[in-house]
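# Analysis of the macromolecular model
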Amino acid sequence: MGIRDVRASARIMFVTGLAAALLQPVSAAAQAEDKAIAATQRPCPALLDSVAICHAGRDANGAWYLAAVPRDWNRMLVVHAHGGPRLGAPKPDDPDEDLERFAVMVRQGYAWIGSTYRRGGYGVRMAAEDVDTSRALFWARIGKPRLTILHGQSYGGNVAAKLAELRSLDAEGNRLYDGVLLTNGVLWGGTRAYGFRADLRAVYQYFCRNHPRSDEVQYPAWQGLPRDSTITKAELEARVNACTGVDLPASKRTPDQQRRLSGITGATGIDEKNVQRHLEWATFTFRDLVQFRLEGRNPFDNATAAYKGSGDDRALNRGVERFSADPLAVSALKFDSDLTGHIILPTVALHWQADPIAAAAADAAYEQTIIGQGNGHLFVRLATAHGTHSRLSDAEYLASLTALVGWISSGIKPAGSAIAEHCRETARKERGVCSMN
């Protein structure tokens, strides 16, 4: 074996090791089904208690799950992948919030199951496996439905899309899922979805110099935090407010605070009401991703970024911290989370156009990836003019889900305009809201 072969082999082994850090621990869904803790019946969240029966349990990998079966079940199942990634240890009642957010599906007769994932922190393939385990447990313990729909919200959109690409069929070629619904999904994958937050960390530190402070251990912005840092979200919030006054009315900020805040928002394009949230993700989620999943290696790059809109771009670009991505970290993150467009299931993606957390442009990028693989006939992209990142309207969820089920049943791809019209009709009947266009 020559030197080049040895280096190539070592690189492959290292990337494999990083990928394993994202995935661990790993076991097949069927094994988790065999070893899972028995589910028990428990009260549903109050708004569903009269219309559904809920079951809760924990799978063999440690993920908690919650299932809701309508008393008048239409024999269709929604398998949910939640957003995040949440960083704390999973708790038994974590899925309640997700079920409440999408309770309209259960009220319309769909069964629903959601998993916490086995651990907190980043790991798209790991989370996808846990979602598929929840499906297997539902099928084995409650019954196989007529149709099974995979649904992903936010980061869970990345999880669901990855699962659909990896495991739409079983070993015998039978379908495990019949269609995919993605709402406000992070569909760029990890290598493209989070770079703007690395820019935010670098730009923020240029203006504020307090994250870290000069009297603290210095570390590169792309790390998020040192592995053993004890800083809390409240402490970070206090630092950001001290520097920028972002939590204060504009009239209460000092001129220096306003100058720094305007420089940060101008250079990054992040509006001031979301600066704090994005800095939290660029701090605590980055630490999880870099320190615990990528063995301290950097997946982010701003080496050639030209920042504009800061008020003094020449000074910013001269003085801002620069960093270059480690190819091994990028390869591992790409393997874990990036999407290929290799799909075989009808897929509907709905996104709030002005989403400041997960940009709607990701849906368009994923659509182009799918089209590039010759699968454009399997994808419908929808947009809505109003909403929040975490919540769209019941009419919009129902119209998207109903259109997907109709597509599966008829084999005819629905037009976006027809889905929008059905959404408006549903909103009128239910006295709800539809901003789909």
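Shown above is the structure to which this text applies.
The sections below set out a description of the structure shown in this document.

Cut-offs and rules
- Residues numbered from 1 in each chain as written.
- Predicted model: local features only at pLDDT ≥ 70, side-chain atom pairs only at ≥ 80, totals over all residues.
- Heavy atoms only, no water.
- Helix = DSSP H or I, 4+ residues; strand = E, 2+ residues; numbered from the N terminus.
- Rg over C-alpha atoms; globule rule 2.2 N^0.38 Å.
- Buried < 20%, exposed > 50% of the residue type's maximum accessible area, 1.4 Å probe, protein only.
- Contact = heavy atoms within 4.5 Å.
- Areas by Shrake-Rupley, 256 points an atom, 1.4 Å probe, with all protein chains shown as cover.
- Lys, Arg positive; Asp, Glu negative; His and termini not counted.
- Charge placed at Lys NZ, Arg CZ, Asp CG, Glu CD.
- Salt bridge = Lys/Arg side-chain N within 4 Å of Asp/Glu carboxyl O.
- Polar contact = N/O pair within 3.5 Å; in protein donor to acceptor, adjacent residues only side chain to side chain.
- Axes fitted to C-alpha atoms, helices over the stretch in contact; angles between N-to-C directions.
- Parallel < 35°, antiparallel > 145°, perpendicular 65-115°, else oblique.
- Left-handed = near helix turned anticlockwise from the far one by under 90°.
- Phe/Tyr/Trp six-rings, centres within 6.5 Å; stacked < 30°, edge-to-face > 60°.
- Lys NZ or Arg CZ within 6 Å of the ring centre and 35° of its normal.
- Pairing = 2+ DSSP bridges.
- Core = buried A, V, L, I, M, F, W, Y, C linked by side-chain atoms within 4.5 Å.

### Overview of the overall build of the chain
When its secondary structure is counted, the chain shows 16 helices and nine strands. In terms of overall dimensions, the chain is globule-like: its C-alpha atoms have a radius of gyration of 23 Å, near the 22 Å expected for 437 residues. Going through the 437 residues of the chain one by one, you find that 56% of them count as buried. The long-range fraction of contacts in the chain, counting pairs at least 24 apart against all pairs at least 6 apart in sequence, stands at 75%. When the accessible surface of the chain is split by element, carbon and sulfur atoms take 52% of a total near 18600 Å². Distance between charge centres in the chain, computed from 51 positive and 47 negative side chains, equals 2 Å.

### What to know about the pattern of salt bridges
Summed over all chains, the structure comprises 21 salt bridges. Among the ionic pairs, Asp-256 bridges to Arg-259, the shortest N-O distance being 3.9 Å. Taken together, the residues Asp-256 and Arg-259, both in helix α10 (residues 255-268) and three residues apart, mark about one turn of the helix. Between Arg-381 and Glu-367 there is a salt bridge, and its shortest N-O distance comes to 2.8 Å. On the criterion of sequence distance, the pair formed by Arg-381 in strand β9 (residues 379-384) and Glu-367 in helix α14 (residues 361-372) is long-range, its members being 14 residues apart. The partly exposed category is assigned to Arg-381, whose relative accessible area is 42%. Glu-367 sits in the buried class, given a relative accessible area of 17%. Bridged by salt links that share partners, the residues Arg-86, Glu-97, Asp-98 and Arg-101 form one connected network.

### Comments concerning the side chain of Ser-168
Its place among the elements puts Ser-168 in the loop between α6 (155-166) and β7 (179-183). Judged by its relative accessible area of 5%, Ser-168 is buried. Polar contacts involving the side chain of Ser-168 include one to the main-chain carbonyl oxygen of Ala-164, which spans 2.5 Å. In contact with Ser-168, not counting residues within four places along its chain, are Leu-163, Asn-174, Arg-175, Leu-176, Tyr-177, Ile-344 and Leu-345.

### Description of the side chain of Asn-375
Relative to the elements of secondary structure, Asn-375 occurs in the loop between α14 and β9. A distance of 2.9 Å separates a polar side-chain atom of Asn-375 from the backbone oxygen of Gly-341. When neighbours within four sequence positions are excluded, Asn-375 is seen to be in contact with Gly-341, His-342, Ile-343 and Ile-370.

### Some words on the packing of helix α15 (residues 394-410) against helix α16 (residues 416-430)
α16 packs onto α15 with a crossing angle of 135° between their chain directions and a minimal axis gap of 8 Å. As summarised for this structure, α15 and α16 are arranged oblique, according to the angle between their axes. Crossing geometry of α15 relative to α16 is assigned as right-handed. Along the contact surface, α15 presents Ala-395, Glu-396, Ala-399, Ser-400, Thr-402 and Ala-403, while α16 presents Ile-419, His-422, Cys-423, Thr-426 and Ala-427.

### Here we look at the packing of aromatic side chains
Under the definition given, this model contains seven aromatic pairs. Judged by centre distance (5.8 Å) and plane angle (80°), the rings of Trp-73 and Phe-138 are edge-to-face. Residue Trp-73 is found in the loop between β3 (64-70) and β4 (76-81), and its partner Phe-138 is found in helix α5 (residues 124-141); the two are separated by 65 residues along the sequence. Put simply, the rings of Tyr-122, Tyr-155 and Tyr-194 touch in pairs and so form one group of aromatic residues. Between the NZ or CZ atom of Arg-135 and the centre of the ring of Trp-139, over which it lies, the distance is 4.5 Å.

### As for the pairing of strand β5 (residues 111-115)
Among the five residues that make up β5, five are buried, leaving the element largely enclosed by the rest of the structure. Side-chain alternation along β5 places Ala-111, Ile-113 and Ser-115 on one buried face and Trp-112 and Gly-114 on a second face that is also buried. The pairing of β3 with β5 spans four bridges and is classified as antiparallel. Its bridge partner being in β5, Ala-68 is matched across the sheet by Trp-112. Inspection of the sheet shows β4 paired to β5 by four bridges, in the parallel sense. If you follow His-80 over to β5, its bridge partner there is Gly-114.

### Some words on the nonpolar core
Counting residues in hydrophobic clusters, the biggest one holds 80 residues, and the most contacted among them are Phe-138, Leu-150, Val-159, Phe-300 and Tyr-366. No other element matches the eight residues that α5 contributes to this core. In contact with Leu-150, other than residues within four places in its own chain, are Val-79, Val-131, Ala-160, Leu-163, Ala-164, Tyr-177, Gly-179, Val-180 and Leu-181. One finds Leu-48, Ala-68, Tyr-397 and Ile-419 within the second-largest nonpolar core, a separate group that totals 42 residues.

### Concerning the environment of Val-186
Relative to the helices and strands, Val-186 is located in the loop between β7 and α7 (190-193). Relative accessible area serves as the criterion here: at 11%, Val-186 is assigned to the buried category. For the pair Val-186 and Tyr-155, spaced 31 residues apart in the sequence, the C-alpha separation amounts to 5.2 Å. Excluding residues that lie within four positions of it along the chain, Val-186 makes contacts with Ser-154, Tyr-155, Asn-158, Ala-193, Tyr-194 and Ala-358.

Coordinates in, geometry out; function isn't part of it.
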